[in-house]
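Given next are the chains, with one letter for each unit.
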Amino acid sequence: MKESDILKALGNVIEPDLGRDLVTLNMVKDVVVEGDDVSFTIVLTTPACPLKDMIKNACINAVHLLVNKNAQVNIKFTANTNSNRKDNKHILPGVKNIIAVVSGKGGVGKSTVAANLALALAEGGASVGLMDADIYGPSVPMMFGVRGERPLMKKEGEKGIIIPLEKFGIKLMSIGSLVDEKQAIVWRGPMASSAIRQFVTDVQWGALDYLVIDMPPGTGDIHLTLVQTVPVTGAVVVTTPQPVALADAKKAIAMFGQAQIKVPIIGLVENMSWFTPAELPENKYYIFGKDGGKRLAEEFDVPFLGQIPLVQGIREGGDMGIPLMVSDDEVTRKAFMGFAGNAVRSIAMRNANMEATKIVEIVV
């Protein structure tokens, strides 16, 4: 066996999402052949890649079928999260992907989805930050058990820089960490927009594979400020199955699809898809209707990222500062891991096949 034989064989292994072979995509590194022993490294598009085992088995089969059936194949995995940023990177220079989690209305569990998406990505090995952009109703401090904690500040020249809090392996920033939780934030739109700009320009986010941004419900000033300040990789739309939520989710999809904005939709996730009581884990009660989010994704031809059940543990964990992804509820953890896996696949395909993200310029 020679290195060229191995590379030729691996040229028949197709990356399932990107639709091209591993060699063409430059994902095969450090091929070493010693007798019947073969080793090489596969560079994934994200540490949280859900297709790792599929790719591994395909590589082993290719070597056995096309080179040497007795070969002992040792595959190592590393990752270089793909990114499609081609801006000057003056803002968030170390962040590869900026993901906005949005909903057309409140009450659909958007913050819960954003928090557990961030945690699921981190569990997969990615470096992740979570920015709470819901200025009027910040929930991250409570959900992560950091109520009352304040971020540190440091000086860089004449400028003050905020060092985000860290919990469960991810970086956190919320207006709720800067003001007393008993204090109402009564700000006009420009003040809220200014806070969002500060969260991306004056916070030391560092190097991140993904910055997940929990957006406020609706379609307003803060959404426009974000897309005019940073190149958003794409948006994840959260809805519940009932018609009133779906009607507003359509508006969120339409906002990002406007010609002057054109931020890609990473996909749609349906939250509270059914209720499952802890004592009857096999039972599903479709309280808010069935498959409404799935049908909406088909209608708008956007990826459907999954369904998240409604269980008592989600509410309890959020109230106690222990998000579901760090709990022992395996059923819902599995649902969130599946959703996160579909999201990173959609992000990777978006980065490989669509135009580079740009800061939006809206002419009024």
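Residues numbered from 1 in each chain as written. Predicted model: local features only at pLDDT ≥ 70, side-chain atom pairs only at ≥ 80, totals over all residues. Heavy atoms only, no water.

Engineer: What's the story with the side chain of N97 in this structure? I'm lost.
Structural biologist: Structurally, N97 can be placed in strand β4 (residues 95-102). You can call N97 buried: its relative accessible area is 0%. Of the polar contacts made by the side chain of N97, one reaches the backbone oxygen of N82; its length is 3.0 Å. In contact with N97, not counting residues within four places along its chain, are T81, N82, S83, D209, Y210, L211, T233, I347 and N351. (Helix = DSSP H or I, 4+ residues; strand = E, 2+ residues; numbered from the N terminus. Buried < 20%, exposed > 50% of the residue type's maximum accessible area, 1.4 Å probe, protein only. Polar contact = N/O pair within 3.5 Å; in protein donor to acceptor, adjacent residues only side chain to side chain. Contact = heavy atoms within 4.5 Å.)

Engineer: Would you explain the sheet that holds strand β3 (residues 72-79) in this entry?
Structural biologist: Two pairing modes exist for strands in a sheet, parallel and antiparallel, and in both the strands are linked by backbone hydrogen bonds. Read across the sheet, three strands follow the order β1-β2-β3 without closing on themselves; strand pairing throughout is mixed. Each edge of the sheet is formed by a strand with only one pairing partner; in this case those strands are β1 (28-34) and β3. Each adjacent strand pair in this sheet contributes to an overall mean axis angle of 15°, direction not counted. By the bridge criterion, eight bridges tie strand β2 (residues 37-44) to β3 in an arrangement that is parallel. Bridging across to β3, T41 finds its partner in K76. (Pairing = 2+ DSSP bridges. Axes fitted to C-alpha atoms, helices over the stretch in contact; angles between N-to-C directions.)

Engineer: Help me understand the sheet that holds strand β13 (residues 304-310), please; the structure alone is not making it clear to me.
Structural biologist: Taken together, eight strands build an open sheet; the order of strands is β8-β9-β5-β10-β4-β11-β12-β13 and the sheet is mixed. Of all strands in the sheet, those bounded by a partner on one side alone are β8 (165-167) and β13. The sheet shows a mean angle of 25° between the axes of neighbouring strands, direction not considered. Here β4 runs beside strand β10 (residues 208-214); their pairing, made up of six bridges, is parallel. Bridged to A100 within β10 is I213. Across the face of the sheet, helix α3 (residues 110-123) comes into contact with β4, β5 (128-132), β9 (170-174), β10, β11 (234-239) and β12 (265-275) while running at roughly 170° to β10. Sheet contacts for helix α7 (residues 243-257): β4, β11 and β12; angle to β11, the most-contacted strand, approximately 170°.

Keep in mind that these numbers describe shape and distance, not what the molecule does.
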